[in-house]
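Structural overview
Here's the letter readout for the chains.
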Amino acid sequence: MAISTDDLVFESYLKERRFEKKISKIRQYIYFGYLGLFLYLLFSSKYTASPLIVLINYLAMYTSFSGIIHFKFFEVPKILTELIHPEKVGVFHSLSPDKRAIILENTFHDMGIYPIPENLPEMNVSEIISRMKLDDRYPWKRIGWIYLFKYIAILGVGSVYLAYTYFQTGFLLN
């Protein structure tokens, strides 16, 4: 049984949504981990003005701020951000009207664009671009990847420093 282009494109959209949920969970676990470590050290340390506590707090806040970048990165699916490139419009049109309507309805909902148009399956590309303001949008996919590499570097250096300090001093706990 051959898989149609329609199914492949829609499957890539669903894969992007699943990836978003996984990344969101990972970000939340990191945030709550640093927050828990911060609170533990805050109430069990001999001195609360420790630079380590400040570093842990900054790492938790930085991870929390990452939620904004995460949201903007995944706010509009890749299949819709590519509509501003005329050579990639065919991929969107290869979808069945029902699947186009699902993608558009979810995106309008995520972007907070109300009322959601009734003619979703019949919307043309220029109408989609103008309603979602895709041509005025910052390149959030590119910004997100750059931010991710900086985030991993900062989180890695901070975590290595915390681990090194812990093994050297034990955070000077009571």
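Our subject is the structure that appears above.
Presented here is an overview of the structure given in this document. Numbering of residues begins from 1 in every chain and follows the order in which that chain's sequence is written. Per-residue local features of the predicted model are confined to residues with pLDDT of at least 70, and side-chain atom pairs are confined, for both listing and counting, to 80 or more; whole-chain, interface and lining totals are unaffected and use all residues. Where side-chain values are given, they derive from all heavy atoms of the structure, hydrogens and water being excluded.

1. Focus on the pattern of salt bridges
- By definition here, a salt bridge exists when the distance from a side-chain nitrogen of Lys or Arg to a carboxyl oxygen of Asp or Glu is within 4 Å. All told, the structure shown has six salt bridges when counted by the stated rule.
- One salt bridge connects E11 with R18, and the closest N-O pair in it is separated by 2.8 Å.
- Residue classification places E11 among the partly exposed positions, given a relative accessible area of 38%.
- The closest approach of N and O atoms between E75 and K72, which form a salt bridge, is 3.0 Å.
- Exposure is judged per residue with a 1.4 Å probe applied to protein chains only, and the accessible area is read against the type maximum: over 50% gives exposed, under 20% gives buried, and values in between give partly exposed. When its relative accessible area of 22% is taken as the criterion, K72 is described as partly exposed.
- Sharing partners across several salt bridges, the network here consists of K72, E75 and R137.

2. What about the layout of surface pockets?
- As defined here, a cavity is a set of points on a 1 Å grid over the protein atoms alone where a 1.4 Å probe fits but cannot get out. A pocket is an open set with protein on both sides within 12 Å along at least five of seven lines, and residues line them when an atom is within 4 Å of a point. Grid points are joined across faces, edges and corners, and a volume is the space filled by probe spheres set on the points. The calculated volume of the largest pocket comes to roughly 440 Å³.
- Along the walls of the largest pocket sit 19 residues, with K78, T81, W140, K141 and R142 positioned nearest its centre.
- Secondary structure follows DSSP: runs of H or I at least 4 residues long count as helices, runs of E at least 2 residues long count as strands, and numbering of each begins at the N terminus. Put simply, the parts of the chain that give the lining of the largest pocket at least two residues each are α1 (5–44), α2 (51–74), α3 (78–81) and α7 (140–169).
- A per-element tally of the lining of the largest pocket places α7 first, with four residues.
- Note that Gly is not counted as nonpolar here; it falls among the polar residues with everything else outside the nonpolar set of Ala, Val, Leu, Ile, Met, Phe, Trp, Tyr, Cys and Pro and the charged set of Asp, Glu, Lys and Arg. Its residues placed into classes, the lining of the largest pocket shows 10 nonpolar, two polar and seven charged.
- Counted as a void, the second largest pocket has a volume near 370 Å³.
- Lining of the second largest pocket is provided by 17 residues; of these, I23, H70, G144, L148 and Y151 occupy positions nearest its centre.
- Where the lining of the second largest pocket is concerned, the elements lending two or more residues are α1, α2 and α7.
- Here the lining of the second largest pocket is composed, by residue class, of 13 nonpolar, three polar and one charged.

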